[in-house]
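Each chain, written out:
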Amino acid sequence: MAVSVDLTKSLDKAYEDKALKEILDASPAALAGVTDKDAELLAEAFNFKTVRQLGANKVFAVAAALVAVENAG
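Structure report, in brief.

Quick word on the overall build of the protein chain
Okay, step 1: Scanning the protein chain for helices and strands turns up four helices and zero strands.
Okay, step 2: Each helix and strand of the protein chain, placed in order from N terminus to C terminus, yields the pattern α-α-α-α.
Okay, step 3: The long-range fraction of contacts in the protein chain, counting pairs at least 24 apart against all pairs at least 6 apart in sequence, stands at 21%.
Okay, step 4: By element, 60% of the accessible surface of the protein chain is carried by carbon and sulfur atoms, the whole surface being about 5,700 Å².

Here you go:
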């Protein structure tokens, strides 16, 4: 099943046309609103060096789920 998602507003302009694997393997700075300095701080504080590591983190997943529950109510 093919899935299409428009992430242009969620990604840095340089990553808008990249393949999913390339985005996931990129620095968190590939995400819109995350600067190179922010990415450095994420690496220093949490050892997140890729978008994949950031997205797979269980603490952030729990926080996102809590916000989703609040917004659903």
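Let's pick the thread back up.
Comments concerning the pattern of salt bridges
Okay, step 1: Taken as a whole and assessed by the stated rule, the structure comprises four salt bridges.
Okay, step 2: For Asp-25, the salt bridge goes to Lys-21, with nearest N and O atoms at 2.6 Å.
Okay, step 3: Residue class for Lys-21 comes out exposed when judged on its relative accessible area of 55%.
Okay, step 4: A salt bridge links Asp-25 to Arg-52, with the shortest nitrogen-to-oxygen separation between them at 2.3 Å. Pair noted here: Asp-25 is in the loop between helix H1 (20-24) and helix H2 (36-46) and Arg-52 is in helix H3 (residues 51-56), with a separation of 27 residues, a long-range link.
Okay, step 5: Through salt bridges with shared partners, a single ionic network connects Lys-21, Asp-25 and Arg-52.

Topic: the packing of aromatic side chains
Okay, step 1: Tallied over the full model, the rule gives three aromatic pairs.
Okay, step 2: Considering the side-chain rings of Phe-46 and Phe-48, the 5.4 Å spacing of their centres and the 15 degrees angle between planes classify their relative orientation as stacked.
Okay, step 3: Arranged with centres 6.0 Å apart and planes meeting at 70 degrees, the rings of Phe-46 and Phe-60 form a pair that is edge-to-face. Taken together, the positions of Phe-46 in helix H2 and Phe-60 in helix H4 (residues 58-72) put the pair 14 residues apart, joining distant regions of the chain.

So, unusual backbone geometry
Okay, step 1: The backbone of Asn-47 shows a phi angle near 65 degrees, a positive value even though the residue is not glycine.
Okay, step 2: With respect to the secondary-structure elements, Asn-47 resides in the loop between H2 and H3.
Okay, step 3: Overall, the relative accessible area of 46% leaves Asn-47 in the partly exposed class.

Conventions used here
Chains are numbered independently. Their residues run from 1 in the order of the written sequence. Given that the model is predicted, a residue must reach a pLDDT of at least 70 before its local features are reported, and side-chain atom pairs must reach 80 or more before they are shown or counted; all residues, however, enter totals for whole chains, interfaces and linings. To get the side-chain values, all heavy atoms of the structure are used, and hydrogens and water are removed first. Put simply, DSSP H or I for four residues or longer makes a helix, DSSP E for two residues or longer makes a strand, and each gets a number counted from the N terminus. Contacts were defined at the residue level, with two residues in contact if any of their heavy atoms lie within 4.5 Å. For accessible areas, the Shrake-Rupley method is used with a probe of radius 1.4 Å. Any residue's cover is judged against the shown protein chains and nothing else. Here a salt bridge means any side-chain nitrogen of Lys or Arg lying within 4 Å of a carboxyl oxygen belonging to Asp or Glu. Think of it in three bands: with a 1.4 Å probe and only protein chains considered, a residue is buried below 20% of the maximum accessible area for its type, exposed above 50%, and partly exposed in between. Only Phe, Tyr and Trp rings take part, Trp by its six-membered ring, and two of them pair if their centres are within 6.5 Å. Stacked means planes under 30 degrees apart, edge-to-face means over 60, and tilted covers everything else.

Don't take any of this as a statement about function, it's just geometry.
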